[in-house]
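Inside the fold
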Amino acid sequence: MIDTHAHLDGPEFDNDRTETMARANEAGVTKIFVPAIDLASSHRIIALCRQHPGYLYAMIGLHPEEVHADWQIVLADIKKILTDEFQATKNNSSPDIPHPTPIIAIGEVGLDYYWSREFENEQLLAFEEQVKWSVETRLPLMIHCRKAQNEMVNLLKHYKNELPGGVFHCFTGNEHEAEELLQFSNFVLGIGGVSTFKKSHLPEVLPAVVPMDRIVLETDAPYMAPVPMRGKRNESAYVQYVLERLADAYGVSKEEMERVTDENVARIFKI
């Protein structure tokens, strides 16, 4: 299994990060993708992923809830990290950056109008700038969207034929919303713990309109732990419960669901 979204750099794991990774490995998790939310976490995640090459993989970007008045300055600094990492990989001889970049995607980026629309326009501008990074670098996008699907889809349509692909993280929508996102042919839906909740409609929605080759597994750890761990701190080992719920919903074995979702990750992220 591959956990395509876990905030393993967060303070919630400061006391047992190594043990958390060990539990994930023991549960059968072969890779964990770690998304940034701002400049500080972008630096932190790259350093963390360098310590665990081949297991942790970095995504850097500016989360919509972190878009404030200084968003242009922050984006410029994150873009410099991206540029420096790519240059170091190209040269493969930088004394300051001894290893090839662990960056596999631009993320976590997107739009979030759930709490406030104070920086609505700034979020749109920041998101579009990072979409352009994806087009330029050919790195996929890890997209966060809450209460803004219309705005997100309208923006992405302008780049539909140029985008390399990505993940619509934490999909919890209905059949219409799923179909609208699937028009972006190189994108998949990230499915996490919500799919296991008693009131979730995902076990019915997904098999009805979403082919298995359009989903990937995620936890969004430390948030939204799946049943039977709901209410606890989420961690990558718990992605097994998402896998089990999806296998049941699609009427396939756990082994088949694991095989297909792993293949989907390889296709999108080129690893």
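Details of the structure are given in the entry above.
As a starting point, this report considers the structure included with it. (Residues numbered from 1 in each chain as written. Predicted model: local features only at pLDDT ≥ 70, side-chain atom pairs only at ≥ 80, totals over all residues. Heavy atoms only, no water.)

**Details of the packing of helix α7 (residues 202-209) against helix α8 (residues 239-250)**
It is the contact of α7 with α8, at a shortest axis distance of 9 Å, that shows an interaxial angle of 55 degrees. In terms of orientation, α7 and α8 fall into the oblique class. Seen from above, α7 lies across α8 with right-handed handedness. Contacts between α7 and α8 involve P203, L206 and P207 on the former and, on the latter, R245, L246, A249 and Y250. Taken together, the residues that form the contact of α7 with α8 break down as six nonpolar, no polar and one charged. (Axes fitted to C-alpha atoms, helices over the stretch in contact; angles between N-to-C directions. Helix = DSSP H or I, 4+ residues; strand = E, 2+ residues; numbered from the N terminus. Parallel < 35°, antiparallel > 145°, perpendicular 65-115°, else oblique. Left-handed = near helix turned anticlockwise from the far one by under 90°. Contact = heavy atoms within 4.5 Å. Nonpolar A, V, L, I, M, F, W, Y, C, P; charged D, E, K, R; others polar.)

**As for the pairing of strand β4 (residues 103-112)**
Of all 10 residues that make up β4, 10 are buried, and the element is covered over most of its length. The sheet contact formed by strand β3 (residues 56-60) and β4 spans three bridges and is parallel. Looking at β4, one finds that I60 is bridged to I106. One crossover worth recording links β4 to the parallel strand β5 (residues 141-146) by way of helix α4 (residues 120-137), and it is right-handed. (Buried < 20%, exposed > 50% of the residue type's maximum accessible area, 1.4 Å probe, protein only. Pairing = 2+ DSSP bridges. Right-handed = clockwise from strand over helix to strand, strands pointing away.)

**Some points on the packing of aromatic side chains**
Applying the stated criterion across every chain, the model contains seven aromatic pairs. Ring centres of Y114 and W115 lie 4.8 Å apart, and the angle between their planes is 85 degrees; on these two criteria the pair is classed as edge-to-face. Ring plane angle 50 degrees and centroid distance 6.2 Å describe the contact between Y238 and Y241, whose orientation is recorded as tilted. The exposure classification of Y238 matches that of Y241, with both residues buried. Aromatic ring contacts, followed pair by pair, group F33, Y57 and F269 into a single cluster. Sitting over the ring of F184, K160 keeps its end group 5.8 Å from the ring centre. Here the basic side chain of R230 rests over the ring of F197, its NZ or CZ set 3.7 Å away from the ring centre. (Phe/Tyr/Trp six-rings, centres within 6.5 Å; stacked < 30°, edge-to-face > 60°. Lys NZ or Arg CZ within 6 Å of the ring centre and 35° of its normal.)

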